[in-house]
Amino acid sequence: MRSTLLLFLFFTVSFSISAQVSPLNVFERDSVEPGFQVVKIKDVKLKYLTRAAKLTDPRTPLNRVKPLLKKFKKFVPQSFWAKTNVLGINLNEVAFVNWNAGGDNSVSALANARFTRNYKFRYLTWNNDLRLRYGLNAQEGRQLRKTDDQIRIASTFGFRKDTITNWYYSVKASFNTQFSNGYKYPNRTNPISRFMAPGYLFLGAGTSYIPDGKKFNLYISPITQKATFVLDEELSNQGVFGVEAGEHTFMEFGFLVTNSWETEVLKNVLMNHRVSLYSDYIESFGNVDVDWELNFNLTVNKYIKANIGTHVIFDDDIKFDEVADADGNIIDPGIPRIQFKQLLGVGLNYAF
């Protein structure tokens, strides 16, 4: 009886083991061209399923599909261009009605625009900046006067030898002039400046320090050519802005250092700094022309901002206190002086 039971148990276990997997060759060589073989794995068919196995239909029932609650965002490939478009206007108005302390009604407006297109990828960087400003003041009892006027374009192209260093071999070009005539008020007959009188063009090569993730740019150029343009005949005949009388251009060759830096010094207070230092090798090496702007932008909300700024210029070629005799001959050409401008305004800004 015992031997019969053992024999029955042996046949049962053998039959169960052989029933799990079909006696098929799992790995089988495929017949292809000579010299190249592909081994494919055949499906293993199970005759008996375990209790943990669950068979599901791969087709998803429609009653389980839910609609999208949020708008689908279209995939946008990464761009290596960063752009800025800002339009703004600052207004200042004073009005009096039967005001015992006295005063004159006045309205001031200053429009400004800034457009930047900056490219940066691995070894290359290319920064382009366009700034436009124009301001007017209307006061009771006198004619319209200009308070600000600026056209400034700058472009810097840089190349670095690897992606670790922050120093670039750079080429820089910048140009600035003004929109309309400038006067020494209250004289409105003889303009002291016009469009492209003066106009300044800087073109040179050097090196730039541009750290990643920071709006900081230091440019050093030992070879920069500066061109001063006076395209107005009347001003050209006066020999102003360093240009000889009757000439329209004045060329200089010298050393240029520029720096721009933009950072948030306090919450909602953005500092914007730009300085340019230039010295001519040939005519007056050591006399440094300075052009320095410092602005603080205070953000009230998305559209309303306040601005506090200063602009300092010192140019050895721009003379003041000129002395002439009765025949108009220049006795004393005058001396250069520091030019200073201060701005304070609240207005609307729109960025897109």
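Residues numbered from 1 in each chain as written. Predicted model: local features only at pLDDT ≥ 70, side-chain atom pairs only at ≥ 80, totals over all residues. Heavy atoms only, no water.

Focus: the pairing of strand S12 (residues 288-299)
Moving on, step 1. Alignment of strand S11 (residues 269-280) against S12, held across eleven bridges, turns out to be antiparallel. Each residue of the ladder has a partner; that of Ser-276, found in S12, is Asp-291.
Moving on, step 2. Note: S12 against strand S13 (residues 304-314), ten bridges, orientation antiparallel. The residue bridging Glu-293 from the neighbouring strand is His-311, located in S13.
Moving on, step 3. Between S12 and S13, which pair antiparallel one after the other, the connecting turn spans four residues. (Pairing = 2+ DSSP bridges. Helix = DSSP H or I, 4+ residues; strand = E, 2+ residues; numbered from the N terminus.)

Some details on the sheet that holds S11
Moving on, step 1. Taken together, twelve strands build a closed barrel; the order of strands is S3-S4-S5-S6-S7-S8-S9-S10-S11-S12-S13-S16 and the barrel is antiparallel. Going across the sheet, the axis of each strand differs from the next one's by a mean of 20°, ignoring polarity.
Moving on, step 2. With ten bridges joining them, strand S8 (residues 199-209) and strand S9 (residues 215-229) adopt antiparallel strand pairing. Looking at the pairing, Leu-203 lines up with Gln-225 of S9. (Axes fitted to C-alpha atoms, helices over the stretch in contact; angles between N-to-C directions.)

Quick notes on the nonpolar core
Moving on, step 1. With 13 residues, the main nonpolar core has Tyr-200, Phe-202, Val-230, Leu-235, Phe-241 and Leu-256 as its most contacted residues.
Moving on, step 2. Mapped by element, the contributors of at least two residues to this core are S8 and strand S10 (249-266).
Moving on, step 3. With sequence-adjacent residues up to four places away left out, Tyr-200 is seen in contact with Ser-174, Phe-175, Asn-176, Lys-226, Ala-227, Thr-228, Phe-241, Asp-315 and Ile-318. (Core = buried A, V, L, I, M, F, W, Y, C linked by side-chain atoms within 4.5 Å. Buried < 20%, exposed > 50% of the residue type's maximum accessible area, 1.4 Å probe, protein only. Contact = heavy atoms within 4.5 Å.)

Concerning the packing of aromatic side chains
Moving on, step 1. This structure, assessed with the given rule, holds 14 aromatic pairs.
Moving on, step 2. Between Tyr-209 and Phe-216, the ring centres sit 6.3 Å apart and the planes meet at 75°, which makes this aromatic pair edge-to-face.
Moving on, step 3. Classification of Tyr-209 as partly exposed rests on a relative accessible area of 27%.
Moving on, step 4. On the numbers, 5.5 Å between centres and 20° between planes, the contact of Tyr-350 with Phe-352 is stacked.
Moving on, step 5. In this structure an aromatic cluster arises from ring pairing among Trp-167, Tyr-209, Phe-216 and Trp-261.
Moving on, step 6. Looking at Lys-172, its charged tip hangs above the ring of Tyr-219, at a distance of 5.7 Å from the centre. (Phe/Tyr/Trp six-rings, centres within 6.5 Å; stacked < 30°, edge-to-face > 60°. Lys NZ or Arg CZ within 6 Å of the ring centre and 35° of its normal.)

Examining the environment of Val-265
Moving on, step 1. Mapped onto the elements, Val-265 comes out in strand S10.
Moving on, step 2. Given the relative accessible area of 40%, Val-265 is considered partly exposed.
Moving on, step 3. Separated by 31 residues in the primary sequence, Val-265 and Phe-296 have C-alpha atoms spaced 9.2 Å apart.
Moving on, step 4. Dropping the residues within four chain positions of it, Val-265 is found in contact with Met-271 and Phe-296.

Coordinates in, geometry out; function isn't part of it.
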